[in-house]
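# Observations on the three-dimensional arrangement
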Amino acid sequence: MSDCLFCKMASGEIEPDIVYQDDDVVAFRDVNPQAPTHVLVIPRRHISTINDLQPADAELVGKLFLAAQKVAEQDGIAGPGYRTVMNCNAEAGQTVFHVHLHVLGGRAMGWPPG
Ligand code: AMP
Ligand code: ZN
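Summary of the structure given here. Just so it is clear, the structure is predicted and the values come from calculations on it, not from any experiment.

### Considerations on the overall build of the protein
Counting its secondary structure elements, the protein contains two helices and five strands. Taken from the N to the C terminus, the helices and strands of the protein come in the order α-β-β-β-α-β-β. Overall size of the protein, expressed as C-alpha extent along the three principal axes, is 35 × 30 × 25 Å. The buried share of the protein, taken over its 114 residues, is 38%. Considering only intrachain contacts with a sequence separation of at least 6, the fraction spanning at least 24 residues in the protein is 52%. Counting only carbon and sulfur atoms, one obtains 52% of the accessible surface of the protein, whose full area is about 6600 Å². Distance between charge centroids for the protein: 4 Å, based on 8 positive and 14 negative side chains.

### Some details on the site of ligand 1
Taken together, the neighbourhood of ligand 1 is formed by 16 residues, with Asp-30, Asn-87, Gly-93, Thr-95 and His-102 sitting nearest. Asn-87 places a side-chain nitrogen or oxygen 2.9 Å from an oxygen atom of ligand 1. The separation between an oxygen atom of ligand 1 and a polar main-chain atom of Val-96 is 3.1 Å. Alone, ligand 1 offers 500 Å² of accessible surface; in the complex the protein occludes 79% of this.

### A word on the coordination of the zinc ion (ligand 2)
Coordination of the zinc ion (ligand 2) by the protein involves Cys-4 (SG), Cys-7 (SG), His-46 (ND1) and His-98 (ND1), with metal-donor separations of 2.0 to 2.3 Å. Relative to the metal, the four donor atoms surrounding the zinc ion (ligand 2) lie at angles of 107 to 117°, and the coordination shape comes out tetrahedral. Binding-site remark: the zinc ion (ligand 2) is held by donors from one chain whose sequence spacing is C-x2-C-x38-H-x51-H. When sorted by exposure, Cys-4 lands in the same class as Cys-7, which is buried.

### A word on the sheet that holds strand S2 (residues 25-29)
Strand order in the open sheet made by the five strands is S1-S2-S3-S5-S4, with antiparallel pairing throughout. In this open sheet, the two strands that pair with only one neighbour each are strand S1 (18-21) and strand S4 (82-85). On average, adjacent strands in this sheet sit at an angle of 20° to one another, irrespective of strand direction. Taken together, the five bridges between strand S3 (residues 37-43) and strand S5 (residues 101-105) define a ladder with antiparallel strand orientation. Bridge pairing links Val-41 to Leu-101 in S5. Strands S1, S2, S3, S4 and S5 of the sheet are contacted by helix H2 (residues 58-74), whose axis makes an angle of about 155° with S3.

### Quick word on the nonpolar core
Core analysis: the biggest nonpolar cluster contains 15 residues, and Tyr-20, Val-25, Ala-27, Val-39, Val-41 and Val-71 have the highest contact counts within it. The element that contributes the greatest number of residues to this core is H2, accounting for five residues. Setting aside its immediate chain neighbours within four residues, Val-39 contacts Val-19, Ala-27, Phe-28, Arg-29, Asp-30, Val-71, Leu-101, His-102 and Val-103. Core analysis: the second largest hydrophobic core is formed by 10 residues, Phe-6, Cys-7, Phe-28 and Ile-42 among them.

The rules behind the values
In every chain, residue numbers begin from 1 and rise along the written sequence. The lettering of chains begins at A and the numbering of ligands begins at 1, in the order of writing. Local features in this predicted model are restricted to residues of pLDDT 70 or higher, and side-chain atom pairs are both shown and tallied only at a pLDDT of 80 or more, whereas totals for entire chains, interfaces and linings draw on every residue. Only hydrogens and water are removed before side-chain values are computed, so all heavy atoms of the structure are retained for them. Each helix corresponds to a stretch of at least 4 residues labelled H or I by DSSP, and each strand to a stretch of at least 2 residues labelled E; elements are numbered beginning at the N terminus. The rule is simple: take the accessible area with a 1.4 Å probe, protein chains only, and divide by the maximum for that residue type; under 20% is buried, over 50% is exposed, in between is partly exposed. For this analysis, residues touch if any pair of their heavy atoms sits within 4.5 Å. A 1.4 Å probe and the Shrake-Rupley method give the accessible areas. Residues count as covered only by the protein chains that appear here. Under the counting rule used here, the positive set is Lys and Arg, the negative set is Asp and Glu, and His together with the chain ends is not counted. Charged side chains are reduced to one point each, which is NZ for Lys, CZ for Arg, CG for Asp and CD for Glu. Note on definitions. A residue lies near a molecule or strand when any single heavy atom of the residue is within 4 Å of it. Two N or O atoms form a polar contact when they lie within 3.5 Å of each other; inside protein one atom must be a possible hydrogen donor and the other a possible acceptor, and for residues adjacent in sequence the pair counts only when both atoms belong to side chains. Donor criterion used throughout: N, O or S atom within 2.8 Å of the metal, extended to 3.2 Å for Na, K and Ca. Water excluded; incomplete-looking sites may result. Under this scheme a four-donor centre is tetrahedral when all angles range from 85 to 135 degrees, a four-donor centre is square planar and a six-donor centre octahedral when opposite donors are above 155 degrees with the rest from 65 to 115, and any other centre is irregular. Only strands joined by at least two bridges in the DSSP assignment are considered to pair. Orientation is described by lines fitted to C-alpha atoms, with helices fitted over the stretch in contact, and by angles between N-to-C directions that extend from 0 to 180 degrees. What we call a nonpolar core is a set of buried Ala, Val, Leu, Ile, Met, Phe, Trp, Tyr and Cys residues that are connected through their side-chain atoms within 4.5 Å.

Right, here's the structure in full:
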């Protein structure tokens, strides 16, 4: 999608602070971090929300989590712990409509989320 911010990041039209990438996913630091580590893992291909995922996307969704695992290891938060979050639509707080897995860590997290 030509007007999608995260598609532009995946294509390199906009250059985020990339911490991991492969053929299918890109991981970059959130511009407004909510924790010492706050990385967003996105599929290169545009998918707007969790509601738009198809059965054929199952492997791709798994790859988002495997990238999160790598990012956590790189940032030294795999052992201490971290949180992954994917917001879907307005009530969850989704603001960018290209699916992204938040990887947050480096501080203690509260539960439940507000
Ligand atoms: P969400 O609210 O779940 O849709 O998350 C969107 C995230 O994208 C927020 O945490 C924003 O801070 C982040 N974000 C928005 N614009 C940028 C950008 N240009 N570079 C990096 N992260 C961004
Ligand atoms: Zn997109």
